[in-house]
Amino acid sequence: MALFFFNRLFQPDINIDKEEHHFPYHLSNEDDNRLALRYIGLLFGEINGSICANTGIFTGRDVVKMLLAGADCVQVVSTLYKNGIEHITKIVSEIEAWMDSKNYDTIDSFRGKLSKKQLKDPIAYRRAQYVDILMKSEEIFKKYPMR
């Protein structure tokens, strides 16, 4: 079994000047990966199956984020449309450089490290974390400063 988070939905549009349907490409952007990141972090170690991240993954750093959350694999599509197939080489180089800087020999040595299951304080994965932030903003921003 495998779960994919989150495929981009096909969304037709209507051109009101021509009064007809059109089907624009709605490629993802770098900010589209947050929902997948959250659910991967929640599900890592909780299901019997693989987790594949997609949508909004453009760089090696994006791939590393998904792996830290617990993804078994990632899919990159929009970045290849935008940057060409050779961009895969850059993504792999970025992952390798990050791993070298952190002294990781294998992906398995850090996969899921920042999942809910592995954190002592999983504030990032609480459904109502925004309420906590609003109600205890001074305390939380001391512990998790904004950058």
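Reading the values: rules and limits
- Residues numbered from 1 in each chain as written.
- Predicted model: local features only at pLDDT ≥ 70, side-chain atom pairs only at ≥ 80, totals over all residues.
- Heavy atoms only, no water.
- Phe/Tyr/Trp six-rings, centres within 6.5 Å; stacked < 30°, edge-to-face > 60°.
- Buried < 20%, exposed > 50% of the residue type's maximum accessible area, 1.4 Å probe, protein only.
- Core = buried A, V, L, I, M, F, W, Y, C linked by side-chain atoms within 4.5 Å.
- Helix = DSSP H or I, 4+ residues; strand = E, 2+ residues; numbered from the N terminus.
- Contact = heavy atoms within 4.5 Å.
- Patch = residues over 30% accessible without salt bridge, like charges linked within 9 Å, V, L, I, M, F, W, Y side chains within 5 Å.
- Areas by Shrake-Rupley, 256 points an atom, 1.4 Å probe, with all protein chains shown as cover.
- Salt bridge = Lys/Arg side-chain N within 4 Å of Asp/Glu carboxyl O.
- pLDDT = per-residue confidence, 0-100.
- Polar contact = N/O pair within 3.5 Å; in protein donor to acceptor, adjacent residues only side chain to side chain.
- Axes fitted to C-alpha atoms, helices over the stretch in contact; angles between N-to-C directions.
- Parallel < 35°, antiparallel > 145°, perpendicular 65-115°, else oblique.
- Left-handed = near helix turned anticlockwise from the far one by under 90°.

1. Structural notes on the packing of aromatic side chains
In the structure shown here, the tally under the stated rule is three aromatic pairs. Centroid distance Trp98 to Tyr104: 5.5 Å. Interplanar angle 25°. Geometry classified as stacked. By relative accessible area, Trp98 is classed as buried at 15%. Relative accessible area serves as the criterion here: at 17%, Tyr104 is assigned to the buried category.

2. Structural notes on the nonpolar core
When a protein is soluble and globular, its nonpolar side chains tend to lie buried together. Core analysis: the largest hydrophobic core is formed by 21 residues, its most contacted members being Ile40, Met66, Trp98 and Phe110. Elements represented by at least two residues in this core include exactly α1 (34-43), β4 (50-53), α2 (60-69) and α4 (87-102). In terms of residue count, α2 provides more of this core than any other element does, six residues in total. If we skip the residues at most four places from it in the chain, Phe110 touches Val64, Leu67, Leu68, Trp98, Met99 and Tyr104.

3. Digging into a nonpolar patch on the surface
Judged by side-chain polarity, Leu27, Val77 and Tyr81 come together as a nonpolar surface patch covering roughly 310 Å² of accessible area. Inspection of the secondary structure assignment puts Tyr81 in helix α3 (residues 78-83).

4. Re the confidence of the model for the protein chain
Taken over all residues, the pLDDT of the protein chain has a mean of 84, while the share at 70 or more is 76%. Summarising per-element confidence for the protein chain, the mean pLDDT is lowest in strand β1 (residues 2-5) (56) and highest in α4 (98).

5. Side note on the side chain of Asn33
Mapped onto the secondary structure, Asn33 falls in the loop between β3 (20-22) and α1. Of the residues examined, Asn33 reaches a relative accessible area of 2% and is grouped as buried. Of note is the side chain of Asn33, whose polar atom sits 3.2 Å from the side chain of Arg34. If we ignore the near neighbours within four places in the chain, the residues touching Asn33 are Thr55, Gly56, Asp62 and Met66.

6. A closer look at the packing of α2 against α4
For the pair α2 and α4, the least separation of the axes is 7 Å and the interaxial angle reads 60°. Judged by the inter-axis angle, α2 sits oblique to α4. For the element pair α2 and α4, the recorded crossing hand is right-handed. Facing α2, whose interface residues are Gly60, Arg61, Val63, Val64 and Leu68, α4 presents Ile91, Glu94, Ile95 and Trp98.

7. A short note on the pattern of salt bridges
Taken as a whole and assessed by the stated rule, the structure comprises two salt bridges. Residue Asp31 is joined to Arg34 by a salt bridge in which the shortest nitrogen-to-oxygen separation is 3.7 Å. Overall, Arg34 belongs to the partly exposed group, its relative accessible area being 45%. Across the salt bridge formed by Asp108 and Arg111, the nearest N and O atoms sit 2.8 Å from each other. Here Asp108 falls in the exposed class, since its relative accessible area comes to 58%.

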